[in-house]
Amino acid sequence: MIKRSFRNCIYITFLFTLVCACTCQDTIEGYPPMVHNSWQKQKRSKQPVRVDRLTPEEIKEHLDKYVIGQEAVKKTLSVAAYNHYKRISQPTNVTNGVVIEKSNVLLIGETGTGKTHLANALAQLLDVPFCIVDATSLTEVGYVGEDAEHIISCLLQAANYDVKATEKGIVYIDEIDKIACKKQDVFGQSSTAHDITGKGVQRSLLKLLEGSIVNARPSSQKKSKGPVYINTENILFICGGAFDGIAPLIQNRMGTDVLQRDLLTYISPADLQAYGFIPELIGRLPIIKSLDPLNKTDMLHVLTKTENALIKQYIKLFQLSNLELTFTEEALSCMAEKAMSLKLGARGLRSICEAVMSEAMYMAPSLGIKKKKWVIDKPYVEAQLNKTWPPC
């Protein structure tokens, strides 16, 4: 009797694991994960993508599925990725004495405009390991915090400790603007204090971005016979940040003829240096592109048109409870307007959707048998949003 119960438990556990695995696979293919810890599973489930055979147009077509608007940025990023992987696919990057150098990318734009999403979607298409590191967590070597080499350790982990794969991966360094160094202290005098989170971190990134041999230091959970050395020469680095306060610097350089909303379009290395970046770091980020703030139409497209749009997700959830969920155009418009007013960009749409749908999702499983349709209209949206963000 005990043996039979034990066998039944094992069988039930196996079925549960199998269902979870299928569900996770749908998630992986439907939405690019924030960190490609699932990279090895993807490699087993499909043929590897020959990244050197993709054209910039094909890369951009994939990015279009996940990021609304930002046409110029997507074209620039597609060309950068194409040239980078074309370069490293050759037996050597030296041809007739010409060395093709690596071109890392710097993306500048307000929060929620799609900087992280672009890098993530690119890594998914190219089927390479990908990790996101917050620049604010980095400190100069010898101080409390993570040093620059920690970035490569994260990528190695995302690649499931495959060294060759790691050396062709993509790293996204977020909040890069937060390590800008101040040339003067609050009293207007040159600072003599040792800068462990500004210029010191910038200098520690130089060799990493250009290409060097790094000791990735595997985690203690991973058995290793010794240090793991990673060559960063072929790792593509994409950095991003909001760069609050840089617009006046551009304005001062260009004069008063440029509209405020267009200022970031004209950003230059000189502006980055005035903002607090050392010239050596700017030189290792030769591709600089700004992202446009999202308008209401963009917000509506993010809600409904992208590959894994939020509204599509809620509709699918309600289908699992035998409910047909619909949204009126006025309801969607109200949600987009709220996102615009909060100035959270596309990232804020998720919080708004959760505020609107929280009570409906609570009731749905109980009403699945009695009710077949659930309509979200503007009055319902306003009533739910007012619970979290009361009108002024």
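Reading guide: rules and limits
- Residues numbered from 1 in each chain as written.
- Predicted model: local features only at pLDDT ≥ 70, side-chain atom pairs only at ≥ 80, totals over all residues.
- Heavy atoms only, no water.
- Helix = DSSP H or I, 4+ residues; strand = E, 2+ residues; numbered from the N terminus.
- Contact = heavy atoms within 4.5 Å.
- Buried < 20%, exposed > 50% of the residue type's maximum accessible area, 1.4 Å probe, protein only.
- Pairing = 2+ DSSP bridges.
- pLDDT = per-residue confidence, 0-100.
- Expected span 1.5 Å × (residues − 1).
- Bend = angle between axes of the 7 residues up to and from the residue.
- Core = buried A, V, L, I, M, F, W, Y, C linked by side-chain atoms within 4.5 Å.
- Salt bridge = Lys/Arg side-chain N within 4 Å of Asp/Glu carboxyl O.
- Axes fitted to C-alpha atoms, helices over the stretch in contact; angles between N-to-C directions.
- Parallel < 35°, antiparallel > 145°, perpendicular 65-115°, else oblique.
- Left-handed = near helix turned anticlockwise from the far one by under 90°.
- Nonpolar A, V, L, I, M, F, W, Y, C, P; charged D, E, K, R; others polar.
- Phe/Tyr/Trp six-rings, centres within 6.5 Å; stacked < 30°, edge-to-face > 60°.

Note that Ile278 resides in the loop between helix H10 (269-275) and helix H11 (279-283). The contacts of Ile278, once residues within four sequence positions are left out, are Lys199, Gln202, Arg203 and Leu206.

To continue, consider the pairing of strand E5 (residues 170-174). It is a general feature of regular strands that their side chains alternate between the two faces of the sheet. Where burial is concerned, most of E5 is hidden: 5 out of the 5 residues are buried. Pairing geometry for strand E4 (residues 130-134) and E5, over 5 bridges, is parallel. Among the inter-strand pairings, Val133 is bridged to a residue of E5, identified as Ile173. Examined bridge by bridge, E5 and strand E8 (residues 236-241) share 4 bridges and lie parallel to one another. Opposite Ile173, over in E8, you have Cys239 as the bridge partner.

Because side chains alternate across strand E11 (residues 373-376), one face comprises the buried residues Trp374 and Ile376, and the other comprises Lys373 and Val375, none of which is buried. Here 4 bridges tie strand E10 (residues 324-327) to E11, and the two strands are oriented parallel to one another. Counted as the bridge partner of Glu324 is Lys373 from E11.

This paragraph deals with the confidence of the model for the protein. On average, the protein scores 79 in pLDDT, and the residues at 70 or more come to 74%. No element of the protein has a lower mean pLDDT than helix H1 (residues 2-30), at 39, and none a higher one than strand E3 (residues 105-108), at 96. Predicted confidence is poor over residues 44-48, with pLDDT under 50, and the contacts of this stretch with residues over four places away or in other chains come to 5 contacts.

With 21 residues, helix H15 (residues 347-367) ought to run about 30 Å at 1.5 Å a step, and its terminal C-alpha atoms sit 30 Å apart, in line with that. The largest bend in H15 is about 50°, located at Met357. Buried residues belonging to H15 abut helix H12 (296-304), helix H13 (310-319), E10, helix H14 (329-342), E11 and helix H16 (378-388).

So, about the nonpolar core. Core analysis: the biggest nonpolar cluster contains 42 residues, and Ile151, Ile152, Ile173, Ile176, Leu205, Phe237 and Phe243 have the highest contact counts within it. Ignoring anything within four residues of it in the chain, the contact list for Leu205 reads Leu138, Ala148, Ile151, Ile173, Ile176, Ile179 and Leu281. Core analysis: the second largest hydrophobic core is formed by 31 residues, Leu323, Leu325, Ala336 and Ala355 among them.

By secondary structure assignment, the location of Lys65 is in helix H3 (residues 56-66). For the pair Lys65 and Glu307, spaced 242 residues apart in sequence, the C-alpha separation works out to 5.2 Å. Residues contacting Lys65, with those up to four places away along its chain left out, are Thr306 and Glu307.

The subject of this paragraph is the pattern of salt bridges. Under the criterion given, the structure shown has 13 salt bridges. Of the charged contacts, one joins Glu210 and Arg284 as a salt bridge, the two residues approaching to 2.9 Å between their closest N and O atoms. Of this pair, Glu210 sits in helix H8 (residues 199-210) while Arg284 sits in the loop between H11 and strand E9 (287-290), and the two are 74 residues apart along the sequence. Given the relative accessible area of 49%, Glu210 is considered partly exposed. Arg284 sits in the partly exposed class, given a relative accessible area of 23%. In this structure, Glu359 engages Lys387 in a salt bridge whose closest nitrogen and oxygen atoms are separated by 2.8 Å.

One way to put it is that H14 packs onto H15 with a least axis distance of 9 Å and a crossing angle of 130°. Overall, the two elements H14 and H15 adopt an arrangement that is oblique. The two elements H14 and H15 cross, and the hand of that crossing is right-handed. Here Met335, Lys338, Ala339 and Leu342 of H14 come into contact with H15, specifically with Leu349, Ile352, Cys353 and Val356. Grouping the constituent residues of the contact of H14 with H15 by class yields 7 nonpolar, no polar and 1 charged.

Another aspect to go through is the side chain of Asp174. Mapped onto the elements of the fold, Asp174 is located in strand E5. In this structure Asp174 comes out as buried when scored by relative accessible area, which is 19%. Ignoring any residue separated from it by four or fewer positions in sequence, one finds Asp174 in contact with Thr116, Ile132, Val133, Asp134, Ala135 and Gly240.

Before going further, it helps to spend a moment on the sheet that holds E4. Taking strand neighbours across the sheet as the criterion, the 5 strands line up as E4-E5-E8-E3-E9 in an open arrangement whose pairing is parallel. The sheet is open, and its two borders are formed by E4 and E9, each paired with just one other strand. Between one strand and the next, the sheet's axes are offset by a mean angle of 20°, whatever the strand orientation. Bridging between E3 and E9 involves 4 bridges; their strand directions are parallel. Within the sheet, the bridge partner assigned to Leu107 lies in E9 and is Lys289.

So, about the packing of aromatic side chains. Under the counting rule described, the total for this entry stands at 4 aromatic pairs. Centroid distance Phe243 to Tyr275: 5.3 Å. Interplanar angle 45°. Geometry classified as tilted. Taken together, the positions of Phe243 in the loop between E8 and helix H9 (247-254) and Tyr275 in helix H10 put the pair 32 residues apart, joining distant regions of the chain. Given the relative accessible area of 2%, Phe243 is considered buried. A ring pair is formed by Phe243 and Phe277, whose centres lie 5.7 Å apart and whose planes are at 35°; its orientation type is tilted. Here the residue Phe243 occupies a position in the loop between E8 and H9, and Phe277 occupies one in the loop between H10 and H11, the gap between them amounting to 34 residues. With relative accessibility at 6%, the residue Phe277 sits in the buried group. Put simply, the rings of Phe243, Tyr275 and Phe277 pair up and form one aromatic cluster.

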